[in-house]
Amino acid sequence: MDSREALGSWLEGPKAAAERMGADFGYRGERLGRPQTGSGSIAGPGRRIGALFVDGWIANLIALGLLAHGDVAKANVYGLGVYFAVNAVLLATAGTTFGKRLFGLRVVRLDGGRATIPQVLLRTFLLCLVVPALVWDRDQRGLHDKAVGTVEVRI
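Residues numbered from 1 in each chain as written. Predicted model: local features only at pLDDT ≥ 70, side-chain atom pairs only at ≥ 80, totals over all residues. Heavy atoms only, no water.

Enquirer: What is the right way to look at the overall build of the chain in this model?
Expert: Within the chain one finds eight helices and two strands. Considering only intrachain contacts with a sequence separation of at least 6, the fraction spanning at least 24 residues in the chain is 60%. For the chain, the exposed area adds up to about 9,100 Å²; of that, 65% sits on carbon and sulfur atoms. (Helix = DSSP H or I, 4+ residues; strand = E, 2+ residues; numbered from the N terminus. Contact = heavy atoms within 4.5 Å. Areas by Shrake-Rupley, 256 points an atom, 1.4 Å probe, with all protein chains shown as cover.)

Below, the structure is given as C-alpha cells:
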C-alpha cells in the first residue's frame, strides 16, 4: 500500500475507506425510510446548527429584554431556561421553532407524525445538555433525537 493512500484514508475517515472497499452505506436517512432530497429528507448539519443559533439568539434577547431588564449577567442565567421553554412550546404546538422555520426544518416522529409532548420535553432537555446533540449516527441524528424517536427533516 502506498503511504499516500494510507494517509488519505486516515484523513478521510473510516467511512471513505470502507466505501473504497465496496461497502454501500446509502444516503442519509435511507435506513429510516426518508427520501434522499426534498421535503421529508433528513436535515443537514449546516441547517440544524444555523437554526440552533437563531433560536438561541432569540431566547437570549427575550431573557435580556423581558426577564433581566437589560442586565446581561441576569440574562445569561435566564437564557437557557427561556430557550427550553420557547423550544418546547413551539415544537409541541407547531413542530418547528423560529430558527427551524427560517431554515426550512421541522421535528417529526420516525413515522412522520408530530412529536408528542413527552418526546418534545425530553428532546429539548437533552439538547440543553449539549453533549447528546454532538454525538451523531450515520444518518446524522443526534442522540437527543435517537433517545426519543424523532428526526429533524426538511419542510
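Enquirer: Teacher, can you tell me more about the environment of Ile117 here?
Expert: With respect to the element layout, Ile117 can be found in helix H6 (residues 117–128). Remark: the alpha-carbon pair of Ile117 and Leu91, spanning 26 residues in sequence, is separated by 8.5 Å.

Enquirer: I tried to follow the packing of aromatic side chains on my own but got confused; where do I start?
Expert: Both the distance between ring centres and the angle between the ring planes are used here to describe each pair of aromatic rings. On inspection of all chains with the given rule, the structure shows zero aromatic pairs. The ring of Trp136 carries the charged tip of Arg48 above its face, separated from the ring centre by 4.9 Å. (Phe/Tyr/Trp six-rings, centres within 6.5 Å; stacked < 30°, edge-to-face > 60°. Lys NZ or Arg CZ within 6 Å of the ring centre and 35° of its normal.)

Enquirer: I'm lost on helix H4 (residues 72–93) in this one. Help?
Expert: What sets the pattern is the α-helix's 3.6 residues per turn: residues three or four places apart point alike. Counted at 1.5 Å a residue, the expected span for H4 with its 22 residues is 32 Å, and the 30 Å between its end C-alpha atoms agrees. If you look at H4, its biggest bend is around 40°, right at Tyr78. Taken together, the buried positions of H4 are occupied by Ala75, Gly79, Val82, Tyr83, Asn87, Ala88, Leu90 and Leu91. Where H4 begins, one side-chain oxygen reaches toward the backbone nitrogen of Ala73, 3.2 Å away; that side chain belongs to Asp71. Positioned one or two residues after H4, Gly95 has a phi angle of 80°, which is positive. (Expected span 1.5 Å × (residues − 1). Bend = angle between axes of the 7 residues up to and from the residue. Buried < 20%, exposed > 50% of the residue type's maximum accessible area, 1.4 Å probe, protein only. Polar contact = N/O pair within 3.5 Å; in protein donor to acceptor, adjacent residues only side chain to side chain.)

Enquirer: Hey, could you run me through the pattern of salt bridges in this one?
Expert: Should their charged atoms come close, side chains of opposite charge can pair. With the rule as written, the count across this model stands at seven salt bridges. Lys100 is paired through a salt bridge with Glu152; the nearest N and O atoms lie 3.3 Å apart. Residue Lys100 is located in helix H5 (residues 98–102), and its partner Glu152 is located in strand E2 (residues 150–154); the two are separated by 52 residues in the primary sequence. Note that Asp111 is salt-bridged to Arg109, the shortest N-O span being 3.1 Å. Take Arg109: its relative accessible area is 26%, and that puts it in the partly exposed class. (Salt bridge = Lys/Arg side-chain N within 4 Å of Asp/Glu carboxyl O.)

Enquirer: Where do I start with helix H3 (residues 45–67) in this structure?
Expert: In this model, H3 (23 residues) spans 31 Å end to end at C-alpha, consistent with the 33 Å of a helix rising 1.5 Å per residue. Turning to H3, its buried residues are Arg48, Gly50, Ala51, Asp55, Gly56, Ala59 and Ala63. Count one or two residues on from H3 and you reach His69, which has phi positive near 50°.

Enquirer: Would you explain the side chain of Asp145 in this entry?
Expert: You can see Asp145 is positioned in helix H8 (residues 143–148). Excluding residues that lie within four positions of it along the chain, Asp145 makes contacts with Arg123, Thr150, Val151 and Glu152.

Enquirer: What's the story with the side chain of Thr124 in this structure? I'm lost.
Expert: Following the sequence through the fold, Thr124 ends up in helix H6. When its relative accessible area of 0% is taken as the criterion, Thr124 is described as buried. Those residues in contact with Thr124 that sit more than four places away from it in its chain are Phe84, Asn87, Ala88 and Leu91.

Enquirer: Looking at this structure, I do not really get unusual backbone geometry. What am I missing?
Expert: Negative phi values dominate among residues other than glycine, just as trans dominates among peptide bonds. A positive phi is found at His69, a non-glycine position, where the angle reads about 50°. Examined against the element boundaries, His69 turns out to sit in the loop between H3 and H4. Of note in this structure, Gln140 is not a glycine but carries a positive phi near 65°. Within the secondary structure layout, Gln140 lies in the loop between helix H7 (131–134) and H8.

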